[in-house]
Each structure stands twice: as structure tokens, then as C-alpha cells.
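Descriptive structure summary
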Amino acid sequence: MPAWRLGLAEPGLPAPRVVMFLKEPDAPPRIDRSALSDTFGVTRRESEIVCHLAEGMNVDGIAGDLGLRAGTMPQNLKSACEKTQVHSQAALVTLALSFDR
């Protein structure tokens, strides 16, 4: 989004051209799972899977961590994608990271 759309202009000062968002580079994302669930209606399990994806885990690692069979992961991911109206794991991760606290 262009910086001018944020409405940050102050009288007598030039309009801002850049907005910077700083974050600790090594800090893992802290995704608000309840906000994710409330907004999109994903289940607790689906939100756990999405959050693990956003933390950089792969599907097999998530299944092992959550005690799931690897065969159930595609269905959980498909359901989460449908509820959030995204079409890829990358888009799901991007969406989840927007709920970072």
C-alpha cells in the first residue's frame, strides 16, 4: 500500500513516502490462533497446523509434532485453505503471519 494512503501527513510537513515495520529477525511468529479461528472459522487443529507452517515446519514435521498421521494432513490443509479462501500453502502462511501479535 502506498504510504500516502495511511493518512500520516501532518500540516506543514512533507507527506511521508516510506513506512518501515521493524521486527526482531530471530523472533518466531506469535500468531493469534483465536483471532485466526474467529475470523475464518478454522478448527483448533487447523489453526495449529497453519501456525506450525508459518513457523517454518514442513508437513511431516507438523504431523509428528501433533501426533497426526501424515495422510490426514492434506485434508486439514485443504479445509484450512477453503475456509480462508486461499489456494496454496504459501498464501496460507502469508495470511497467518498477518495475525502475528
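Structure's up top.
Here's what I pulled together on the structure shown here.

The rules behind each value
- Residues numbered from 1 in each chain as written.
- Predicted model: local features only at pLDDT ≥ 70, side-chain atom pairs only at ≥ 80, totals over all residues.
- Heavy atoms only, no water.
- Helix = DSSP H or I, 4+ residues; strand = E, 2+ residues; numbered from the N terminus.
- Buried < 20%, exposed > 50% of the residue type's maximum accessible area, 1.4 Å probe, protein only.
- Arc of directions from axis to C-beta.
- Contact = heavy atoms within 4.5 Å.
- Core = buried A, V, L, I, M, F, W, Y, C linked by side-chain atoms within 4.5 Å.
- Polar contact = N/O pair within 3.5 Å; in protein donor to acceptor, adjacent residues only side chain to side chain.
- Salt bridge = Lys/Arg side-chain N within 4 Å of Asp/Glu carboxyl O.
- Axes fitted to C-alpha atoms, helices over the stretch in contact; angles between N-to-C directions.
- Parallel < 35°, antiparallel > 145°, perpendicular 65-115°, else oblique.
- Left-handed = near helix turned anticlockwise from the far one by under 90°.
- Nonpolar A, V, L, I, M, F, W, Y, C, P; charged D, E, K, R; others polar.

Backbone geometry places Q85, a non-glycine residue, at a positive phi of 60 degrees. Its place among the elements puts Q85 in the loop between α4 (73–84) and α5 (89–97). Its relative accessible area of 68% is what places Q85 among the exposed residues.

Here we come to α5. An α-helical segment advances 3.6 residues per turn. Residues three or four places apart therefore align on the same side. When we look at burial in α5, the residues that qualify are L92, V93, L95 and A96. Each buried residue of α5 sits inside an arc of 160 degrees when the element is viewed along its axis, so together they form one side. What points out from α5, more than 90 degrees from its buried face, is the exposed set A90 and T94. Of the surrounding secondary structure, the elements contacted by the buried residues of α5 are α1 (33–40), α2 (44–54) and α4.

Core analysis: the largest hydrophobic core is formed by 21 residues, its most contacted members being I31, I49, V50, L53, I62 and L92. Contributions of two or more residues to this core are made by α2, α3 (59–66), α4 and α5. In terms of residue count, α2 provides more of this core than any other element does, five residues in total. Here I62 is in contact with I49, H52, L53, M57 and M73, once residues within four sequence places are set aside.

Looking at the secondary structure, you find T84 in helix α4. At 3.3 Å, the side chain of T84 forms a polar contact with the backbone oxygen of C81. Setting aside chain neighbours within four positions, we find T84 in contact with F40, V42, L92 and L95.

Attention now moves to the pattern of salt bridges. Here the idea is simple: oppositely charged side chains can pair when their charged atoms come close. Taken as a whole, this structure holds three salt bridges when the rule is applied. Between R45 and E48 there is a salt bridge whose closest N-O contact spans 2.9 Å. Taken as a pair, R45 and E48 lie in helix α2 at a separation of three residues, close to a single helical turn. When its relative accessible area of 26% is taken as the criterion, R45 is described as partly exposed. Ionic contacts of the salt-bridge type, sharing partners, join the residues R44, R45 and E48 into one network.

Orientation of α4 relative to α5, taken along the N-to-C sense of each, is 60 degrees, at an axis distance of 10 Å. Classified by the angle between their axes, α4 and α5 sit oblique to one another. Helix-helix and strand crossings are classified by hand; for α4 and α5 the assignment is left-handed. Residues L77, A80, C81 and T84 of α4 form the contact with α5, whose participating residues are Q89, L92 and L95. For the contact of α4 with α5, the residue count by class is five nonpolar, two polar and no charged.

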